[in-house]
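What the coordinates show
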Amino acid sequence: MSTLVEWSDTDAAGHHHNSSILRWVEACEVRLYRQLGLLEHFPSMPRVQQVVNYTSKLWFGQEVTTTVRIQAVGRTSITFEFDVYGEEFDGAARVRAAHGAFTSVHVLPAETRATPWPDDILELVAPHRVSPAAV
């Protein structure tokens, strides 16, 4: 997913505010859910953990590319990994501005604890899991 760093995405230091990364990742996550046919399940998939590593600054007007991928699927959770890149800008090369992971769990509306994923959701996400890296 591509977008531009808007004025409202910047802070007093003149570069992106850390919360902008989270908004771009969430927007990309919704697109992924839509592509996988999971959008109707979104309210039952609250985020329970998020880790963000900020590695470079992004500037007003710079194009940003965000990717979100399924990393692991557990009995009640799905862990996603993401990257946010700042594209070439003002003579500077493309750079990874942030990366990290977040985990969502399946919680039915009447429940207060995580519950196992229904088979239909597992079938939708299984082909999109990232293959483990060789060590």
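What counts as what
- One numbering rule holds for all chains: residues counted from 1, following each sequence as written.
- The predicted nature of this model means local features are confined to residues of pLDDT at least 70 and side-chain atom pairs, given and counted, to a pLDDT of 80 or more, with totals for whole chains, interfaces and linings taken over all residues.
- Side-chain measures here rest on the full set of heavy atoms in the structure, leaving out hydrogens and waters.
- Any two rings among Phe, Tyr and Trp, with Trp reduced to its six-membered ring, count as a pair given centres within 6.5 Å; such a pair is stacked if its planes are under 30 degrees apart, edge-to-face if over 60, and tilted if neither.
- Every helix listed is a DSSP run of H or I at least four residues long, and every strand listed is a run of E at least two residues long, numbered separately from the N terminus.
- Relative accessibility under 20% of the residue-type maximum defines a buried residue, over 50% an exposed one, and the middle range a partly exposed one, all with a 1.4 Å probe and only protein chains included.
- When the NZ atom of lysine or the CZ atom of arginine is within 6 Å of a ring's centre and also within 35 degrees of its normal, the charge is said to sit over that ring.
- By definition, no residue in a patch forms a salt bridge, and every one has over 30% relative accessible area; like charges are joined within 9 Å, nonpolar side chains (Val, Leu, Ile, Met, Phe, Trp, Tyr) within 5 Å.
- The method behind every accessible area is Shrake-Rupley, applied with a 1.4 Å probe, and residues are considered shielded solely by the protein chains displayed.
- For salt bridges, the criterion is a side-chain nitrogen of Lys or Arg within 4 Å of an Asp or Glu carboxyl oxygen.
- His residues and chain termini do not enter the charge count, which takes Lys and Arg as positive and Asp and Glu as negative.
- Charged groups are reduced to one reference atom each: NZ for lysine, CZ for arginine, CG for aspartic acid, CD for glutamic acid.

1. A short note on the packing of aromatic side chains
Inspection of the entire model under this criterion finds five aromatic pairs. Taking the centre distance of 5.9 Å and the plane angle of 70° together, the rings of Tyr33 and Phe80 count as edge-to-face. Of this pair, Tyr33 sits in helix α1 (residues 18–36) while Phe80 sits in strand β4 (residues 77–86), and the two are 47 residues apart along the sequence. By relative accessible area, Phe80 is classed as buried at 1%. In this structure an aromatic cluster arises from ring pairing among Tyr33, Phe42, Phe80, Phe82 and Phe102. Just above the ring of Phe102 sits the side chain of Arg47; from NZ or CZ to the centre is 3.9 Å. Directly above the aromatic system of Tyr85 lies the positively charged group of Arg94, at a separation of 4.0 Å from the ring centroid.

2. Notes on a negative patch on the surface
A cluster of acidic residues, Glu40, Asp119, Asp120 and Glu123, forms a negative patch on the protein surface. Tracing the chain through its elements places Asp119 in helix α2 (residues 119–125).

3. Points about unusual backbone geometry
A positive phi angle, near 55°, is found at Asp90, a position not held by glycine. By the element assignment, Asp90 lies in the loop between β4 and β5 (95–105).

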